[in-house]
Amino acid sequence: MCEAVRKYDDERQTIGRVEGRIEGKQEERLKTIRKAVKMKMPIGTIAELVWLPVEEVRKLIAELEQ
């Protein structure tokens, strides 16, 4: 396999791992938000728990409720 093809394949694998971590982190955030909403936690507290701005948490909660 030529060096350019090997480098391209390595870059694709790295990108895939990073994307997988991002998706996993987002899924964990959504699970935490769901659980916190069920516990009737204030949105500000939920935002602190998941390290997101309050407005973003509001949007995610609205999406979860659909």
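Because the structure is predicted, anything quoted here is derived from the model rather than measured.

Rules used throughout
- Residues numbered from 1 in each chain as written.
- Predicted model: local features only at pLDDT ≥ 70, side-chain atom pairs only at ≥ 80, totals over all residues.
- Heavy atoms only, no water.
- Axes fitted to C-alpha atoms, helices over the stretch in contact; angles between N-to-C directions.
- Helix = DSSP H or I, 4+ residues; strand = E, 2+ residues; numbered from the N terminus.
- Parallel < 35°, antiparallel > 145°, perpendicular 65-115°, else oblique.
- Contact = heavy atoms within 4.5 Å.
- Nonpolar A, V, L, I, M, F, W, Y, C, P; charged D, E, K, R; others polar.
- Core = buried A, V, L, I, M, F, W, Y, C linked by side-chain atoms within 4.5 Å.
- Buried < 20%, exposed > 50% of the residue type's maximum accessible area, 1.4 Å probe, protein only.
- Patch = residues over 30% accessible without salt bridge, like charges linked within 9 Å, V, L, I, M, F, W, Y side chains within 5 Å.
- Areas by Shrake-Rupley, 256 points an atom, 1.4 Å probe, with all protein chains shown as cover.
- Salt bridge = Lys/Arg side-chain N within 4 Å of Asp/Glu carboxyl O.
- Lys, Arg positive; Asp, Glu negative; His and termini not counted.
- Charge placed at Lys NZ, Arg CZ, Asp CG, Glu CD.
- Expected span 1.5 Å × (residues − 1).
- Arc of directions from axis to C-beta.

Can you help me understand the packing of helix 2 (residues 43–50) against helix 3 (residues 54–65) in this one?
Helix-helix packing is described using two parameters, namely the angle between the two axes and the distance between the axes. Interaxial distance between helix 2 and helix 3 falls to 9 Å at its minimum, and their mutual angle equals 100°. Looking at the two axes, helix 2 sits roughly perpendicular to helix 3. Counting all contacts with helix 2, which are made through Ile43, Gly44, Ile46, Ala47 and Val50, the residues of helix 3 involved are Val54, Val57, Arg58 and Ile61. Residue classes in the contact of helix 2 with helix 3 are distributed as 7 nonpolar, 1 polar and 1 charged.

When you look at the nonpolar core in this model, what are you seeing that I'm missing?
Considering soluble globular proteins, one finds that nonpolar side chains tend to be buried as a cluster. Formed by Leu30, Ile33, Ala36, Ile46, Ala47, Val50, Leu52, Val57, Leu60 and Ile61, the largest nonpolar core amounts to 10 residues. Breaking this core down by element, the ones donating at least two residues are helix 1 (3–38), helix 2 and helix 3. When neighbours within four sequence positions are excluded, Val57 is seen to be in contact with Ile43, Ile46, Ala47, Val50 and Leu52.

I tried to follow a negative patch on the surface on my own but got confused; where do I start?
A surface patch of like charges, here negative, comprises Glu3, Asp9, Asp10 and Glu11. Position of Glu11 relative to the elements: it lies in helix 1. The partly exposed category is assigned to Glu11, whose relative accessible area is 40%.

Just checking my understanding: could you explain helix 3 for this structure?
Note that an α-helix has 3.6 residues per turn; residues three or four places apart therefore point the same way. Look at helix 3: 17 Å from first C-alpha to last across 12 residues, which is about the 16 Å you get at 1.5 Å a residue. Along helix 3, the positions that sit buried rather than exposed are Val57, Leu60 and Ile61. Projection of helix 3 onto a plane perpendicular to its axis shows the buried side chains occupying an angular sector of 100°, all on one side. Exposed and facing more than 90 degrees away from the buried side of helix 3 are Lys59 and Glu63.

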